[in-house]
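The lines below spell out each chain.
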Amino acid sequence: MRPCAILSTHNLPHIQYNASDDILWWNMSWTLFWEREIWLLPIHCPSPVGHWVFCAIYILSKELHFFDSLAEWQPWRTDIKVSDDLIHA
């Protein structure tokens, strides 16, 4: 078994706008994310300059490894808080 699932930010707007479970399942089931220990999530940040960040999510240890080459500590602390809330939901 492969330990990683590569997720897509294509699904984040679906979640944000309360898409049905059927739509989410259609878009994500192929990843087999529920069988994976690590989720890899590239995230597009549209403002202020539009760039990509990356988060490796370690399910078993409940760790997030967040990388943003353009940010300092303060700007992305709220991103981690949102992600942490989703993991513990």
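What comes next concerns the included structure. Here the structure is a predicted model, which means the values were calculated and not measured.

1. Focus: the pairing of strand β3 (residues 51-58)
Point 1. Sheet analysis places strand β2 (residues 38-45) next to β3, joined by eight bridges and oriented antiparallel. The residue of β3 that forms the bridge with Leu41 is Cys55.
Point 2. A loop of five residues connects β2 with β3, the two strands running antiparallel in sequence, and Gly50 in this loop sits at a positive phi of about 70°.
Point 3. Of the strand pairs in this sheet, β3 and strand β4 (residues 63-67) are connected by five bridges, and their pairing is antiparallel. Within the sheet, the bridge partner assigned to Cys55 lies in β4 and is Phe66.
Point 4. Between the antiparallel neighbours β3 and β4 lie four residues, among them Lys62 with a positive phi of about 55°.

2. What to know about the side chain of Asp68
Point 1. With respect to the helices, strands and loops of the structure, Asp68 is situated in the loop between β4 and α3 (73-87).
Point 2. Side chain to side chain, Asp68 and His51 meet in a polar contact 2.8 Å long.
Point 3. With sequence-adjacent residues up to four places away left out, Asp68 is seen in contact with His51 and Val53.

3. A closer look at the pattern of salt bridges
Point 1. By the definition in use, this model includes one salt bridge.
Point 2. As a salt-bridge pair, Glu35 and Arg36 come within 4.0 Å of each other at their nearest N and O atoms.
Point 3. You can call Glu35 partly exposed: its relative accessible area is 37%.
Point 4. On the accessibility criterion, Arg36 (14% relative accessible area) is buried.

4. Here's the deal with the packing of aromatic side chains
Point 1. Summed over all chains, the structure comprises three aromatic pairs.
Point 2. With centroids separated by 5.5 Å and ring planes inclined at 85°, the aromatic side chains of Phe33 and Trp39 adopt a geometry described as edge-to-face.
Point 3. Three or more aromatic residues joined by ring pairs make a cluster, and in this case those are Trp25, Phe33, Trp34 and Trp39.

What counts, and where the lines are drawn
- Along each chain, numbering runs from 1 in the same order as the chain's sequence is written.
- Selection of residues for local features in this predicted model requires a pLDDT of at least 70, selection of side-chain atom pairs for listing and counting requires 80 or more, and totals for whole chains, interfaces and linings are taken over all residues.
- Note that water and hydrogens are dropped before the side-chain values are worked out from all heavy atoms of the structure.
- For two strands to be treated as a pair, DSSP must find at least two bridges joining them.
- Only runs of H or I of at least four residues qualify as helices and only runs of E of at least two qualify as strands under DSSP, and these elements are numbered from the N terminus.
- The term polar contact refers here to a pair of N or O atoms within 3.5 Å; inside protein, the definition further demands a hydrogen-donor-capable atom paired with an acceptor-capable atom, and it admits residues adjacent in sequence only when both atoms are side-chain atoms.
- Contact definition: two residues touch when any of their heavy atoms are within 4.5 Å.
- Salt-bridge detection follows one rule: a side-chain nitrogen of Lys or Arg within 4 Å of a carboxyl oxygen of Asp or Glu.
- Each residue is placed in one exposure class: buried if its accessible area under a 1.4 Å probe, protein chains only, is under 20% of its type's maximum, exposed if it is over 50%, and partly exposed if it falls in between.
- Stacked, tilted and edge-to-face are the three classes applied to pairs of Phe, Tyr and Trp rings, where Trp contributes its six-membered ring and a pair requires centres within 6.5 Å; stacked means planes under 30 degrees apart, edge-to-face means over 60, and tilted covers the rest.

So far we have only geometry, and geometry alone does not tell us how the molecule works.
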